[in-house]
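Chain residues, written in single-letter form:
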Amino acid sequence: MANKKDPKPADKSIDDLSAVGDGLYLGNLNAATQTDQLRSLGVTHILTLDCRPLSKIYIKNMAYKYINLLDSEDTDLLRHFNECFEFMDDASKKNGSVLVHCYAGQSRSCTIMIAYLMYRDKESLNEIYKKLQNKRPTIRPNAGFMNQLELFEAMGNRIDLTHEGYKLYRLKLWAQSMKEARQETELSEDMMASDPNLNQNGSETIYKCRKCRRPLFRATGIQSHEVGQGDAAFDWRAHYLKQKPNQAAAAAGTSDACNQSLFIEPVQWMSEAIMVLEGKLACPKCHCKLGSFNWCGDRCSCGTWITPAFHIQSSKVDLCRPVVSAAVNPQRIRTNRHNLPVMNTSTGLPVGKQIFL
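Anyway, here's the lowdown on the structure attached to this text.

Cut-offs applied
- Residues numbered from 1 in each chain as written.
- Predicted model: local features only at pLDDT ≥ 70, side-chain atom pairs only at ≥ 80, totals over all residues.
- Heavy atoms only, no water.
- Pairing = 2+ DSSP bridges.
- Helix = DSSP H or I, 4+ residues; strand = E, 2+ residues; numbered from the N terminus.
- Axes fitted to C-alpha atoms, helices over the stretch in contact; angles between N-to-C directions.
- Parallel < 35°, antiparallel > 145°, perpendicular 65-115°, else oblique.
- Contact = heavy atoms within 4.5 Å.
- Nonpolar A, V, L, I, M, F, W, Y, C, P; charged D, E, K, R; others polar.
- Expected span 1.5 Å × (residues − 1).
- Buried < 20%, exposed > 50% of the residue type's maximum accessible area, 1.4 Å probe, protein only.

## Section: the sheet that holds strand β13 (residues 309–312)
The sheet built from 4 strands is open, its strands ordered β8-β13-β10-β9 with antiparallel pairing. The open sheet terminates on both sides in strands that have one partner only, identified here as β8 (262–263) and β9 (278–282). Across 2 bridges, β8 lies against β13 in antiparallel orientation. Paired with Leu-262 across the bridge in β13 is Ile-312.

## Quick word on the packing of helix α6 (residues 108–121) against helix α8 (residues 143–154)
Two numbers describe a pair of packed helices, the interaxial angle and the distance between the axes. With their axes 10 Å apart at the nearest point, α6 and α8 run at an angle of 10° to one another. By the angle between their directions, the pair α6 and α8 is classed as roughly parallel. Across from Arg-108, Thr-111, Ile-114, Ala-115, Met-118 and Tyr-119 in α6, the residues of α8 making contact are Phe-145, Leu-149, Phe-152 and Glu-153. Of the residues belonging to the contact of α6 with α8, the class tally is 7 nonpolar, 1 polar and 2 charged.

## A word on the packing of helix α5 (residues 81–93) against α6
It is the contact of α5 with α6, at a shortest axis distance of 10 Å, that shows an interaxial angle of 75°. On the basis of their axis angle, the class for α5 and α6 is roughly perpendicular. Packed against α5, whose contacting residues are Phe-81, Cys-84, Phe-85, Met-88 and Asp-89, the element α6 presents Thr-111, Ile-112, Met-113, Ala-115, Tyr-116 and Tyr-119 at the interface. Residues that form the contact of α5 with α6 fall into these classes: 9 nonpolar, 1 polar and 1 charged.

## Considering helix α9 (residues 164–179)
For α9, built from 16 residues, the straight-helix expectation of 22 Å at 1.5 Å per residue is met to within 8% by its first-to-last C-alpha distance of 22 Å. Restricting attention to buried positions, one finds in α9 the residues Tyr-166, Lys-167, Tyr-169, Arg-170, Leu-171, Trp-174, Ala-175, Ser-177 and Met-178. Looking at the packing, one finds that the buried side of α9 touches α8.

Rendered as structure tokens:
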């Protein structure tokens, strides 16, 4: 009888707790409650990613951090990466070990561990995932968490607040909270583009209000998107093309980037106006109507759905490119017999110097 019972606790311990690196352990809720086992392994820190914290009896004489998270594809784990990394680094600096766990030890905790190893070892998502899977075959981050890990990799295995993809990710989270009438996060200034009127660089291409000439947004702030399904997106053909996505490009006639409408990232001068679900956008100086916004999204005339949508009417703005002069080579400037530069009467510049618009 003893032989029959021995394999069960051994298998259970393997499922509950896995050593995934030097001083790094990954597990489920049951692993976090095995106090004696954790102490024998030298675990000094416990990171809980679950709907409820551990009881105090399990974290006595332990460094403990709890983050309230659901195992849902809509859960924002990215915003907790840095604080988790700091906690895990603290264990390493103090020559301790850390247990990262959630309820099942398969999704939330695995996502944090993968991200930490990417951050620490500077390796790709695919490499870290394979290594971790070899040590804990039960890992299964949900699709939303995998998308966040891919974005984390695109940012260079760190949180980059200026990364275009990250800003769009945060805006979509805000849009979702607006649609659900909840605002768990704040619309901070770093989620919006800086106001070119306050921080203007002479080498940037900007759009100005056609009426009062106030700088409104930069060309780099335009949200590019591929041409959608065209007119077919607005009638009965929309459902047909969803069933046959390969014919969407053919319906539009092209798969290039759309140039029919201006959808931009929000700019700081919009901050007060866009705190509601939808509304109008006006020039902050002359109050001329510029366009509209909708956190739930809007459809471009090409058929593509943009979320969130900050739509500027192209007839209300002017594109202004910088005037950049080429460097002047004194040896190539033509001079007269008095050693003075020969001036071009049409440009007003020395012959040999050019202007590019």
